[in-house]
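Tertiary structure, described
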Amino acid sequence: MELDDVLAADYSYCILLIELIRNITPKEFQENLASIFKDVPDQSCYTRKRDDLINQFASKLLEDRPTESKSDENMQTQKGGKDFLCIDNAIFQNVRSYHQEQARERLEDQLKKLDTPTFDKKKFQVALFGWVIHFEKNDEFTRRVKDLYQKNKEVFNIDTKGQRYTDTKKAFIEQYETLQIVEDVIIPKKADSLKGKMKIVRVTSIEKGNRFYKTVCLARHTASKNEQYMFEVIRDFGNFKLKTELKKGNDALFRVRRVLQTKKCHHKDPTTFEPCQRRCMKYNPGDSGLVCKNCNHMHKQINLYKDMKHLPVLLILQRRGRLGDTFPDSFNCMDLRICYRKDVSI
Ligand SMILES: [Zn+2]
Ligand SMILES: [Zn+2]
């Protein structure tokens, strides 16, 4: 199994889950926990919503992979560099199960401490939260938890007091590196201003980088139903120049520029250097250009990474040696797990 693919699967899994995790209220959490213990889970519960997303994503991964007979033809297109594939669904499913295992082990550790002096209710609730979030199948362990739940309802009732519940969620997210990165990079749908961060993932080859890109974009597409803006994914494979890429009209970068356009026009006349300085941003409906309808300028030029300040972006980087570019202040994390670890612990 390729480490780059494992990480792409992990990012995708976290992208699919993050909005659901953010939105689950203490009441919904409690209802969902009760639902897990039933033979037939409720339709409206978190687990159900999550599984819908995961199944949609998985079937798209399956569609993307060529069947036996078609594989030769597809390999050709892949070699031509025009088309490339997502990761294998089996890898995604493995990553998913891995998360469930981890969460189960964490809860098991905490359950052992129940009724002992080392028991810590906060830690227990973080483990319980994680177990519910990743919960996959009803088994022997679920029955054990159910028994304990009926005997110790007080401990299992998640603290609903605002701050405590937020802290439990936060502590849970912090346990998983990728989830923390995704939580950081994706702007909550409710957010009113653009204060995104740039995160960088280094991949080991262009081919794997393309696969990473396609997979993560698919996860974003699946998670953000009607293509609501969440974050950008950009590839930088060595010979990449933001300026050239912008001229080529790369889709993602086009949206980047639209979002980054300012109300105030920063255009300067090329001969007189007279600044325009109007506050007039307006686009024709349905127009895909970036030129303001009122003053006929593009209000802000985006040529360098540092011009992308506050844009939420996941940058997939495949380059040797040092980074020549200056990254914006909002760049605060480089995921080097693929390059420096023999096996990826998620
Ligand atoms: Zn204008
Ligand atoms: Zn102008």
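This text goes with the structure placed above it.
For the structure given in this document, a descriptive report is provided here. (Residues numbered from 1 in each chain as written. Chains lettered and ligands numbered in written order. Predicted model: local features only at pLDDT ≥ 70, side-chain atom pairs only at ≥ 80, totals over all residues.)

**A short note on helix α2 (residues 26-36)**
Heads up, the rule is: Burial is judged by counting other C-beta atoms within 10 Å of a residue's own C-beta: 20 or more means buried, 12 or fewer means exposed, and anything between counts as partly exposed, with every C-beta placed from the backbone. Each helix is a run of H or I in the DSSP string that is no shorter than four residues. Each strand is a run of E no shorter than two, and both are numbered from the N terminus. This arc is taken over the directions from the axis of the helix to the C-beta atoms. Note on contacts: each residue gets a C-beta atom placed from the backbone, and two residues are in contact if those atoms are within 7 Å.
Among all positions in α2, only Phe29, Asn32, Leu33, Ser35 and Ile36 are buried. End-on view of α2: buried residues confined to an arc of 160°, all on one side of the axis. At its buried positions, α2 is contacted by α3 (46-64), α6 (121-134) and α7 (140-151).

**A few points about the environment of Arg211**
Here Arg211 lies in helix α11 (residues 206-223). Put simply, Arg211 and Asp88 are 123 residues apart on the chain and 9.9 Å apart in space, counted from C-alpha to C-alpha. For Arg211, the contacting residues outside a window of four places in its chain are Asp5, Ala8, Phe84, Leu85, Cys86 and Ile87.

**Examining the packing of helix α1 (residues 3-23) against helix α10 (residues 177-185)**
The line we're drawing: Fitted lines through C-alpha atoms give the axes, limited to the stretch in contact for helices. The angle between two N-to-C directions lies from 0 to 180 degrees. Here is the rule for angles: anything less than 35 degrees is roughly parallel, anything more than 145 is roughly antiparallel, 65 through 115 is roughly perpendicular, and the remaining ranges are oblique. Here is the rule for handedness: rotate from the far helix to the near one, and if that takes an anticlockwise turn smaller than a right angle the crossing is left-handed, while a clockwise turn gives right-handed. Side-chain classes follow a simple rule in which Ala, Val, Leu, Ile, Met, Phe, Trp, Tyr, Cys and Pro form the nonpolar group, Asp, Glu, Lys and Arg form the charged group, and the remainder, Gly included, forms the polar group.
One way to put it is that α1 packs onto α10 with a least axis distance of 9 Å and a crossing angle of 55°. Considered as vectors, α1 and α10 are oriented oblique to each other. Once α1 is placed against α10, the crossing between them reads as right-handed. Taking contact as the criterion, the partners of Asp10, Tyr11, Cys14, Ile15 and Ile18 in α1 are, on α10, Thr178, Leu179, Val182 and Glu183. Among the residues making up the contact of α1 with α10, the classes are represented as 6 nonpolar, 1 polar and 2 charged.

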